[in-house]
Amino acid sequence: GGEWAHSLDLLAQMASSCMELSIITFNVAVNACSKGRQWTRAVRLLAQMSSHQIELNTITNVAGSCAYYDLDAAVSACETGGEPFQAMWLLDKTVACHAFE
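Residues numbered from 1 in each chain as written. Predicted model: local features only at pLDDT ≥ 70, side-chain atom pairs only at ≥ 80, totals over all residues. Heavy atoms only, no water.

Draft legend 1. Representation of helix H3 (residues 39-51) within the structure. The end-to-end C-alpha distance of H3, which contains 13 residues, comes to 19 Å, matching closely the 18 Å that a straight helix rising 1.5 Å per residue would cover. Those residues of H3 that fall on the buried side of the exposure criterion are Trp39, Ala42, Val43, Leu45, Leu46 and Met49. Down the axis of H3, the smallest arc covering the buried residues is 150 degrees, so these residues share one side. Seen from the buried face of H3, the exposed residues on the opposite side, beyond 90 degrees, are Arg44 and Ser51. Directly beyond the C-terminal end of H3, a positive phi value near 60 degrees is found at glutamine 53. (Helix = DSSP H or I, 4+ residues; strand = E, 2+ residues; numbered from the N terminus. Expected span 1.5 Å × (residues − 1). Buried < 20%, exposed > 50% of the residue type's maximum accessible area, 1.4 Å probe, protein only. Arc of directions from axis to C-beta.)

Set out below in C-alpha cells:
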C-alpha cells in the first residue's frame, strides 16, 4: 500500500535533481495516490502540474470521446477517500475552465 509514497518520493527526487517533470511522471504519481486513497495528495499534484506548466492530459477512450486522465484519477481518489464534495468541486472547476474549448 505504500506505492503512493514511493511515487511522491521519486517525483521529489526528480525535481530536486533538476530532471524534467512530465505529464507521465505526474500521471503515475496521481494514479498511485488515487489507488492509495490519498485524495489530498492527488489534488495537490494537480496544482503542482499547473505550477510546472503541465496541462491536464486528455486521452481518447475506446468510444472516441475525450477524458481528462489526471482529473479522473484525482476525482476517484476523492470519492474513495470519502470526499464527494471535493470530487464535485474538481469536476466543476474543470468544466468551467474548459467550457469554451
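Draft legend 2. Representation of the nonpolar core. Counting 24 residues, the largest nonpolar core has Leu11, Phe26, Leu45, Leu46, Cys78 and Leu90 as the members making the most contacts within it. Listed by contribution, the elements that provide at least two residues to this core are helix H1 (3-16), helix H2 (23-35), H3, helix H4 (69-80) and helix H5 (84-97). In this view, phenylalanine 26 contacts Leu11, Leu21, Leu45, Gln48, Met49, His52 and Ile54; residues no more than four positions away in its chain are not counted. (Core = buried A, V, L, I, M, F, W, Y, C linked by side-chain atoms within 4.5 Å. Contact = heavy atoms within 4.5 Å.)

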